[in-house]
Amino acid sequence: MHELSLCQSVIETLQRESLQHHYQRVKRVRLEIGPFATVDEEALRFAFEVARSETLAEGAELEIIRSEARARCRSCSNSFAITERFDPCPLCASHELELLSGEELRIVDLQVE
Amino acid sequence: MAEGHGDHHHHHHGEERLIRLEQDILSKNNEYAAANRRWLSERNILALNLLSSPGSGKTTLLTRTIEALRGKLPITVIEGDQQTDNDAQKIRQTGAAVQQINTGKGCHLDGHMVGHALESLQPPSGSLLFIENVGNLVCPAAFDLGEAYRVVILSVTEGEDKPIKYPDIFASADLLLLNKLDLLPHLQFDVEQCIDYARRVNPRIKVLQLSATSGEGMDSWYQWLSATRQLAEIGQ
Ligand SMILES: Nc1nc2c(ncn2[C@@H]2O[C@H](COP(=O)(O)OP(=O)(O)OP(=O)(O)O)[C@@H](O)[C@H]2O)c(=O)[nH]1
Ligand SMILES: [Mg+2]
Ligand SMILES: [Zn+2]
């Protein structure tokens, strides 16, 4: 359940940014989560509800964008989408892959007032 | 669109707008980790982050390693546990300096906690620092502590499919220690299959097989430590 500490750092970021961007309330937060970000979406949603209470994001909606994981094969240079870390290259079956994306754990944007 | 400073005069209370942040959620942790890494490298300290599920043998490996390397290499330890300082006491009995971190409900160490532990522990220059993470094969993977290398310990009693069931932690590790080798005769554990799974998830992972209780295979671990330290020194 490190999802709670992730959500707490999201809230801390919202608080920090409110000083710079001058807003009082956050209505919606959009996060981008890669399939290999070590995050369980359900746990994250639950943790967000806990973390947002009695903060400037009280009641804020959480929107999650699931990004796609892509890899490049070191053997044949093919690049492709993968669903598991242990997927082989679909062309040459090699596991010598370089991960291009899939570990994203980002705050994309905020709807504020 | 992103908004800069000085635009607040235009925003009245209740006016909704979109702010583009594009910020890594772990950026704060990564800043703490980077500060730790700088602090450690200035003092030529080699830090290793030890990760495993509960009971794989992290503390047993550490006490044996400290005893074997006594007089050869100064070693200090940061112990992460949710509760108790049992492990810290075991380390202290070997004579090594140790700093306990109790995470309470927290399931992992983070860069901030380790920064504070470094301040109290004050590991000596040129030493080896082991950070025993909270026993957990999932959550600690996401949190950089400022370590030079990640060592994941898997004991043969846990089943050979763990690298593909918990791929994130194996993908981020530099070294896999396959522990409790002495128990192999009593189990159906396919060592080759396990290593193959680990390499599918992480083609660059190095694997050593050992038993922290019988001592079998421990020499290759000590050799890895000494080679890694020499590499770190050359890198200075
Ligand atoms: N047979 C055998 N038992 C071992 C070996 N290494 C550790 N153990 C036993 O496994 C149990 C757990 O070992 P610990 O060293 O406490 O494991 P740990 O990973 O530090 O556990 P946590 O800190 O609770 O996550 C103890 O009873 C150890 O004696 C080994 O190589 N062989
Ligand atoms: Mg332990
Ligand atoms: Zn290929």
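Look above for the structure.
Residues numbered from 1 in each chain as written. Chains lettered and ligands numbered in written order. Predicted model: local features only at pLDDT ≥ 70, side-chain atom pairs only at ≥ 80, totals over all residues. Heavy atoms only, no water.

J.: Sorry, what's going on with the coordination of the zinc ion (ligand 3) here?
T.: The reference angle at a metal is 109.5 degrees if four donors form a tetrahedron and 90 or 180 degrees if six donors form an octahedron. All names here are of chain A. Coordination sphere of the zinc ion (ligand 3), protein contribution only: Cys 73 (SG), Cys 76 (SG), Cys 89 (SG) and Cys 92 (SG), at 2.2 to 2.4 Å. Here the zinc ion (ligand 3) binds four donor atoms, and the angle range of 104 to 118° at the metal identifies the geometry as tetrahedral. Read from N- to C-terminus, the donor residues coordinating the zinc ion (ligand 3) fall into the pattern C-x2-C-x12-C-x2-C. One end of the pair, Cys 76, is in the loop between strand S3 (69–73) and strand S4 (79–82); the other, Cys 89, is in the loop between S4 and strand S5 (97–101), and 13 residues separate them in sequence. Cys 89 gets classed as buried once you look at its relative accessible area, which sits at 2%. (Donors = N, O, S within 2.8 Å, 3.2 Å for Na, K, Ca; no water. Tetrahedral: all angles 85-135°; square planar, octahedral: opposite > 155°, others 65-115°. Helix = DSSP H or I, 4+ residues; strand = E, 2+ residues; numbered from the N terminus. Buried < 20%, exposed > 50% of the residue type's maximum accessible area, 1.4 Å probe, protein only.)

J.: I tried to follow the coordination of the magnesium ion (ligand 2) on my own but got confused; where do I start?
T.: Residue and element names in this part refer to chain B. For the magnesium ion (ligand 2), the protein coordination sphere consists of Thr 59 (OG1), Asp 87 (OD) and Glu 132 (OE), at 2.0 to 2.1 Å. Between the donor residues of the magnesium ion (ligand 2), the gaps in sequence give the motif T-x27-D-x44-E. Taken together, the residues Thr 59 in helix H2 (residues 58–68) and Asp 87 in helix H3 (residues 86–93) connect sequence positions 28 residues apart. Asp 87 matches Thr 59 in its accessibility class, with the two residues each being buried.

J.: Sorry if this is basic, but what is going on with the packing of aromatic side chains here?
T.: For any pair of aromatic rings, the description rests on two quantities: the centre-to-centre distance and the angle between the ring planes. Residues and elements named next belong to chain B. As enumerated under the stated definition, the model contains three aromatic pairs over all chains in all. Residues Tyr 149 and Trp 224 carry aromatic rings whose centres are separated by 5.8 Å and whose planes lie at 75° to one another, so their mutual orientation is edge-to-face. Of this pair, Tyr 149 sits in strand S6 (residues 149–155) while Trp 224 is found in helix H8 (residues 218–235), placing the two residues 75 residues apart along the sequence. Three or more aromatic residues link up through ring pairs in this structure, and these residues are Phe 130, Tyr 149, Trp 221 and Trp 224. Across the ring face of Trp 39, the terminal group of Arg 43 is positioned such that the distance to the ring centre comes to 3.9 Å. (Phe/Tyr/Trp six-rings, centres within 6.5 Å; stacked < 30°, edge-to-face > 60°. Lys NZ or Arg CZ within 6 Å of the ring centre and 35° of its normal.)

J.: How should the interface of chain B and chain A be read in this particular structure?
T.: It is common to give the size of an interface as the accessible area lost on bringing the parts into contact. The partner chain A presents 34 residues to the 34 residues of chain B that form the contact. Approximately 3,400 Å² of surface area, both sides summed, lies buried where chain B meets chain A, with 56% of it carried by carbon and sulfur atoms. Looking at the side of chain B facing chain A, the largest losses of area belong to Arg 17, Ile 19 and Ile 25 of chain B, adding up to 20% of the total buried there. There are five salt bridges connecting chain B and chain A. Viewed at the interface, chain A and chain B are joined by 15 residue pairs in polar contact (both at pLDDT 80 or more). Every element with two or more residues in the side of chain B that touches chain A is listed here: strand S1 (17–24), helix H6 (167–171) and helix H7 (191–201) of chain B. Broken down by element, the residue count for the side of chain B that touches chain A peaks at eight residues, all from S1 of chain B. Among the residues making up the side of chain B that touches chain A, the classes are represented as 16 nonpolar, six polar and 12 charged. Looking at chain direction, strand S6 (residues 105–112) of chain A and S1 of chain B are connected through six bridges and run antiparallel. (Contact = heavy atoms within 4.5 Å. Buried area = accessible area lost by both parts, 1.4 Å probe. Salt bridge = Lys/Arg side-chain N within 4 Å of Asp/Glu carboxyl O. Polar contact = N/O pair within 3.5 Å; in protein donor to acceptor, adjacent residues only side chain to side chain. Nonpolar A, V, L, I, M, F, W, Y, C, P; charged D, E, K, R; others polar. Pairing = 2+ DSSP bridges.)

J.: Just checking my understanding: could you explain the pairing of strand S1 (residues 26–33) of chain A for this structure?
T.: On a regular strand, each side chain points to the face opposite its neighbour's, so the side chains alternate between the two faces of the sheet. All names here are of chain A. The buried count for S1 comes to six of eight residues, which makes it a mostly enclosed element. Across seven bridges, the pairing between S1 and S6 is antiparallel. If you follow Ile 33 over to S6, its bridge partner there is Leu 105. Judged from the six bridges that link them, S1 and strand S2 (residues 61–66) form a sheet pairing that is parallel. The partner of Arg 30 across the bridge, within S2, is Glu 63.

J.: Looking at this structure, I do not really get the sheet that holds strand S5 (residues 128–132) of chain B. What am I missing?
T.: Adjacent strands of a sheet form backbone hydrogen bonds with each other and so pair up, either parallel or antiparallel. Residues and elements named next belong to chain B. Strands sit in the order S4-S3-S5-S2-S6-S7-S8 across an open sheet of seven strands; the sheet is parallel. If you trace the sheet from one side to the other, it starts and ends with strand S4 (97–102) and strand S8 (206–209), each paired once. Put simply, the sheet's adjacent strands are angled 20° from each other on average, direction ignored. Relative to S5, strand S3 (residues 75–81) is paired through five bridges, and the arrangement is parallel. Following the sheet pairing, Ile 75 is matched in S5 by Leu 128. (Axes fitted to C-alpha atoms, helices over the stretch in contact; angles between N-to-C directions.)

J.: Looking at this model, I keep getting lost on the pattern of salt bridges. Mind explaining?
T.: Opposite charge on two side chains permits pairing when their charged atoms draw close. On inspection of all chains with the given rule, the structure shows 26 salt bridges over all chains. Taking the shortest distance from any N to any O, the salt bridge between Glu 63 of chain A and Arg 30 of chain A comes out at 3.8 Å. Remark: Arg 30 of chain A occurs in strand S1 and Glu 63 of chain A occurs in strand S2; sequence separation between them is 33 residues. Each member of the salt-bridge network shares a partner with another, and the members are Arg 28, Arg 30, Glu 32, Glu 63, Arg 106 and Asp 109 of chain A together with Arg 20 and Glu 22 of chain B.

J.: Would you take a moment to explain unusual backbone geometry for this structure?
T.: The general pattern is negative phi for most residues beyond glycine and trans for most peptide bonds. One non-glycine residue, Thr 38 of chain A, lies in positive phi territory at about 60°. Along the chain, Thr 38 of chain A falls in the loop between S1 and helix H2 (41–52). Given the relative accessible area of 12%, Thr 38 of chain A is considered buried. The phi angle at Glu 22 of chain B is positive, at roughly 50°, despite the residue not being glycine. Within the secondary structure, Glu 22 of chain B is located in strand S1.

Interpretation note: all reported values are geometric properties and have no functional meaning in isolation.
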